[in-house]
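Here is what each chain is made of, one letter per residue.
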Amino acid sequence: MEKGLLIVISGPSGVGKGTVIKNFIDDPELKLAFSVSMTTREKRAGEEEGVNYYYVSKEEFLKARENGELLESAEFVGNYYGTPVKEVERIRNAGKNVLLEIEVQGCRQVREKVPDAITIFIIPPSMEELEKRIRGRNTEPEEIVQERLAKAARELEMTNQYKYVICNDDAELAADIIRLIIKRQMELANRK
Ligand code: 5GP
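Description of the structure in this document. (Residues numbered from 1 in each chain as written. Predicted model: local features only at pLDDT ≥ 70, side-chain atom pairs only at ≥ 80, totals over all residues. Heavy atoms only, no water.)

Across the sheet, 5 strands lie side by side as S2-S7-S1-S8-S9; this open sheet has parallel pairing. The two strands at the open ends of the sheet, each matched to only one other strand, are strand S2 (32-34) and strand S9 (164-167). If you compare each strand with its neighbour and ignore which way they point, the axes differ by 25° on average. Across 4 bridges, strand S1 (residues 6-10) lies against strand S7 (residues 97-101) in parallel orientation. (Pairing = 2+ DSSP bridges. Helix = DSSP H or I, 4+ residues; strand = E, 2+ residues; numbered from the N terminus. Axes fitted to C-alpha atoms, helices over the stretch in contact; angles between N-to-C directions.)

Written out as structure tokens, the structure is:
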């Protein structure tokens, strides 16, 4: 069986990655499975253990990283995030394409280990729109909002490390473009 593709999606906090991903992840033609990351951050309202993240303590996270259990990891606004190697391998070895939704430092580590990863960065239509979306979520204190905005500005300067940059002006359109990219990459992989 062909090993599945590894697809990385990044984009600043609040850009609407989740909504875009929701619009294509269940398309059966794409044979996708979402890789659930490990994080030390608090669970947000509506999130579920093992669905959105595996929520762990800092000690557990650092131990997993030390034991080589993470494909990549990063610190983001005071918390640790990482991709379990096991999760990714299980999905790819089953012939499914794995989707990682990670930030830019993590993407760089993935590219070093898996050079043929398909990397996609989602940009907002403007910084004003991004700020509106972050505030609209209304789940975090002002200092965190400011930190996430500053972080977004820095991340937007690093989009050149990605193969594809897509504007999320309309989540369905962005999802359609990503669907097209994945289908084409699946065709190319099968031709090898
Ligand atoms: P949030 O706290 O909003 O869920 O995520 C914050 C940032 O961490 C987002 O940019 C998200 O893409 C990123 N992220 C989530 N999981 C991982 C992971 O396993 N590794 C890395 N490097 N970043 C992650």
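Turning our eyes to something else, we now look at the site of the ligand. Taken together, 16 residues sit near the ligand, with Ser 37, Arg 41, Tyr 53, Tyr 81 and Glu 101 positioned nearest. A distance of 2.7 Å is found between a nitrogen atom of the ligand and a side-chain nitrogen or oxygen belonging to Glu 103. Protein contact buries 95% of the 510 Å² of open area that the ligand shows by itself. Among the detected pockets, the ligand sits in the largest pocket. Those elements that provide at least two residues to the shell around the ligand are strand S5 (70-76) and strand S6 (79-84). (Near = heavy atom within 4 Å. Polar contact = N/O pair within 3.5 Å; in protein donor to acceptor, adjacent residues only side chain to side chain. Areas by Shrake-Rupley, 256 points an atom, 1.4 Å probe, with all protein chains shown as cover. 1 Å grid on protein atoms, 1.4 Å probe; cavity = no way out; pocket = protein on both sides within 12 Å on 5 of 7 lines; lining within 4 Å. Sits in = over half its atoms within 2 Å of the grid points.)

Sheet architecture is open: 4 strands sit in the order S4-S3-S6-S5, paired in mixed fashion. What marks the edges here is a single partner per strand, and that holds for strand S4 (53-55) and S5. Sheet twist, expressed as the average angle between the axes of neighbouring strands with direction ignored, equals 25°. Two elements, S5 and S6, share 6 bridges in a ladder whose sense is antiparallel. For Ser 73, the partnering residue across the bridge sits in S6 and is Gly 82. Sheet contacts for helix H2 (residues 58-66): strand S3 (37-39), S5 and S6; angle to S6, the most-contacted strand, approximately 40°. Of the strands in this sheet, S4, S5 and S6 touch helix H3 (residues 85-93), which is tilted by about 30° from S6. (Contact = heavy atoms within 4.5 Å.)

Looking now at the nonpolar core. The biggest cluster of nonpolar side chains holds 28 residues, and the ones touching the most others in it are Ile 7, Ile 9, Phe 24 and Ile 178. Elements supplying a minimum of two residues to this core: S1, helix H1 (17-22), strand S8 (118-123), helix H5 (127-137), helix H6 (142-156) and helix H7 (171-191). Looking at which element gives the most residues to this core, the answer is H7, with 8 residues. Not counting the four nearest positions on each side in its chain, Phe 24 is found in contact with Ile 9, Leu 30, Leu 32, Leu 99, Ala 175, Ile 178, Arg 179 and Ile 182. (Core = buried A, V, L, I, M, F, W, Y, C linked by side-chain atoms within 4.5 Å. Buried < 20%, exposed > 50% of the residue type's maximum accessible area, 1.4 Å probe, protein only.)

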